[in-house]
Amino acid sequence: MSGQDDVTGGIASFSIGLGNAGTQARPVSPAPPIRVLMAGDFGLPAQAGALNVTGLDVAEILEANAPAFSVSAGNLLGSHPSDLEERLAFAALKDLRPARIASRFQFARDLETAAGDPDSLASHGQRYDKVLEMLRATRSPEQAPPVASSAAPSDRDAASADSAGTDKDGLDALFSMIETPGKTSRPSDSGSLAKAAVEAFVQQTMREERQGEAKPAPAVASPVTALQEAQARRFFDQGKLRTVLQNWHGLKLLLSEIRLGLPLEMHLLQLDHDLTGPDLADVLGGPDGALQADLYDVVLFANLTGLAAADADLVKTLARECEDADTVGLLGLEAGFSGVPGAELASLEAAHQLLDQPGYEGFKGLRDSDAASHLALFWNEARLVSEGPGHPAVFAQGAWIALAQILGQLGSEVFPRLPVGVPVDFDALEVAEGEAKGRAVATAARYVAGPGTAPSLAQCGINVLEGVANRTDLLFRRGVTVKPGKEGRGSLDQALLVSRLFSLFQEALGGAVTGAQTAQDRETAVRRNLDDLSTALAGQVVFEVARQSVEDQDLIGVSATVREGWATGQQHSFYLPASDS
């Protein structure tokens, strides 16, 4: 079951900017590419517009833009300053590795430099005085190098030396492995003796191999090492670094999944992770806003968010700006957006009830608005890098996975959609164990969702990313927008289709509709350009154009009928003025 709604209508209204007559009056052939905007914190400086990264991989984007930024975190290593600051720069793929980042922190390099001379840490004042105190405290007589003793080795030591075979040749060592309860049972001839010795040697070797296969006890980190790792984790948990790192890893995953030669344009926009709703409106909205700069079919908002209080205002802003730009936004939710830990949320059968609590009134208000049909929310993440010493695991939020799956449809669908209920393999992911109803399950998803989680959260307009046991496959069981639809689910497929149709119409008609046209000239230009567009789409969409009078207005009516693909038979219509008078 896809959880999608039936079509209830098309584009009710349509507005375009006036073009210029002449060479621009013909649409571009082949069909316009799908344009994607990826907006989030990538550690880049604020910029007036988006970067066109079409055809580039992450290594090339890093090399060309070299993101650099500062982060601060509470100081665990010393008493002053209270916060440590680190300056980070990513210029190559290797710079995105969490282990490399941890080793390049300035405090890590300072401690490494002082490894041979702990007292040199005093030159940093109180910056590392807690570490210095711990190092000095560990210098005790018991830890001094042992003094050589002239006492004779004990019987136990001598026995150990014998068992080690230091005074025996190879054959004697073999013979010593034979378990002989008494002289009477010892083999009498050299052939039997050698055979028994070899068998004993083999058995001993097998026992040693089995012992070697036993899982070694985890090494216990020294107090200083543990403190250093805790300091590194503080930096990784800081909002800026966590967001920037995961956004670059998400972008890398997305670009690695896109096949070459697709009709696709990719744009990248810097949005600082701590922007408020009004800040986002200034960057995205208005005639000069980033969403109005191009005809974007879909926009991925890479910075995770919550849904309560001020976060709801931010989500409302994104939905309204997408509505104004006639596009669809994909947005990921923080693990604990519902007020409970992610692992607990994943196990609930009625997770949607958590959003009935006080604090989520703003989100409920958004769901009742028309803007809600222009935004899709995603929860849960995919594991890219497992946890290691001094650094947490790195995940890609669900919206990156959804966009990768949508764009994966480009080769076969004129209107790509989110494949629902179909597992999609992502080779770059890592599988790790999680718990589901008290039993361990290994998947590539951060949290193991129970069978009721996805349908429950879909009632709130939230799509849940799920893993497949013991595989790197991921899937969505619903494809919904925030707007309630049938059974509480608005269709993401329909939102994407309408957004794409709008872009195609704009592309085709922007040059056909010019100032000072007669009604007949405009109708002719519109029909010609839409016929050309249909040809560019290989007849998968056909258009009909006719003059109509609606409430004493002279209008040009356009209807678009889908002839191929999942939306076959759907019809969408709109009107535009026949003249400017």
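Residues numbered from 1 in each chain as written. Predicted model: local features only at pLDDT ≥ 70, side-chain atom pairs only at ≥ 80, totals over all residues. Heavy atoms only, no water.

## Focus on the packing of helix 8 (residues 223-237) against helix 9 (residues 239-257)
It is the contact of helix 8 with helix 9, at a shortest axis distance of 5 Å, that shows an interaxial angle of 70 degrees. The orientation of helix 8 with respect to helix 9, classified from their angle, is roughly perpendicular. Side by side, helix 8 and helix 9 meet where Phe235, Phe236 and Asp237 of the first sit next to Gly239, Leu241, Arg242 and Leu245 of the second. Broken down by class, the residue content of the contact of helix 8 with helix 9 amounts to four nonpolar, one polar and two charged. (Axes fitted to C-alpha atoms, helices over the stretch in contact; angles between N-to-C directions. Helix = DSSP H or I, 4+ residues; strand = E, 2+ residues; numbered from the N terminus. Parallel < 35°, antiparallel > 145°, perpendicular 65-115°, else oblique. Contact = heavy atoms within 4.5 Å. Nonpolar A, V, L, I, M, F, W, Y, C, P; charged D, E, K, R; others polar.)

## Considering the side chain of threonine 317
Within the element layout of this structure, threonine 317 appears in helix 11 (residues 310-324). A relative accessible area of 6% means that threonine 317 is categorised as buried. Apart from the residues within four sequence positions on either side, threonine 317 is in contact with Gly277, Leu280 and Ala281. (Buried < 20%, exposed > 50% of the residue type's maximum accessible area, 1.4 Å probe, protein only.)

## Section: the sheet that holds strand 5 (residues 264-270)
One open sheet holds the nine strands; their spatial order is 2-5-1-6-7-8-14-15-11, and the pairing between them is mixed. Each of the sheet's edge strands pairs with one partner strand only, and the pair in question is strand 2 (51-52) and strand 11 (424-425). Looking at chain direction, strand 8 (residues 375-379) and strand 14 (residues 462-467) are connected through three bridges and run parallel. For phenylalanine 378, the partnering residue across the bridge sits in strand 14 and is asparagine 463. (Pairing = 2+ DSSP bridges.)

## A word on the packing of aromatic side chains
Aromatic rings considered in pairs are described by the distance between their centres and by the relative angle of their planes. In the structure shown here, the tally under the stated rule is ten aromatic pairs. Residues phenylalanine 42 and tryptophan 248 carry aromatic rings whose centres are separated by 5.4 Å and whose planes lie at 80 degrees to one another, so their mutual orientation is edge-to-face. Highlighted residues: phenylalanine 42 in the loop between strand 1 (34-40) and strand 2 and tryptophan 248 in helix 9, separated in sequence by 206 residues. In this pair, the class of phenylalanine 42 matches that of tryptophan 248, namely buried. Aromatic pair tryptophan 379 and tyrosine 447: ring centres 5.7 Å apart, planes at 5 degrees, arrangement stacked. Here the residue tryptophan 379 occupies a position in strand 8, and tyrosine 447 occupies one in the loop between strand 13 (439-443) and helix 15 (453-458), the gap between them amounting to 68 residues. Comparing tryptophan 379 with tyrosine 447 shows no difference in burial state: the two are buried. (Phe/Tyr/Trp six-rings, centres within 6.5 Å; stacked < 30°, edge-to-face > 60°.)

## Description of the sheet that holds strand 19 (residues 553-562)
Adjacent strands of a sheet pair through backbone hydrogen bonds, lying either parallel or antiparallel. The sheet built from three strands is open, its strands ordered 18-19-20 with antiparallel pairing. What marks the edges here is a single partner per strand, and that holds for strand 18 (541-550) and strand 20 (571-577). Neighbour-to-neighbour, the strand axes of the sheet open up by a mean angle of 25 degrees, direction not taken into account. In terms of strand pairing, strand 18 meets strand 19 through ten bridges, oriented antiparallel. Its bridge partner lying in strand 19, valine 542 is registered against threonine 561. Lying on the sheet, helix 16 (residues 492-509) is in contact with strand 18, strand 19 and strand 20; it crosses strand 20 at an angle near 40 degrees. Contacting strand 18, strand 19 and strand 20, helix 17 (residues 519-536) runs over the sheet at an angle of about 160 degrees to strand 18.

## With respect to the pattern of salt bridges
All chains considered together, the criterion is met by 19 salt bridges. Across the pair glutamate 265 and arginine 35 runs a salt bridge whose closest N-O atoms are separated by 3.4 Å. You can see glutamate 265 sitting in strand 5 and its partner arginine 35 sitting in strand 1, a full 230 residues away along the chain. Note on arginine 35: relative accessible area 9%, which makes it buried. Where arginine 233 meets glutamate 387, a salt bridge forms, and the shortest distance between an N and an O atom there is 2.6 Å. (Salt bridge = Lys/Arg side-chain N within 4 Å of Asp/Glu carboxyl O.)

## A few points about the environment of glycine 40
Its location among the elements puts glycine 40 in strand 1. By relative accessible area, which is 0% here, glycine 40 ends up buried. Expressed as a C-alpha distance, the spacing of glycine 40 and asparagine 303, which sit 263 residues apart in the sequence, is 5.3 Å.

Interpretation in functional terms is not warranted from these geometric data alone.
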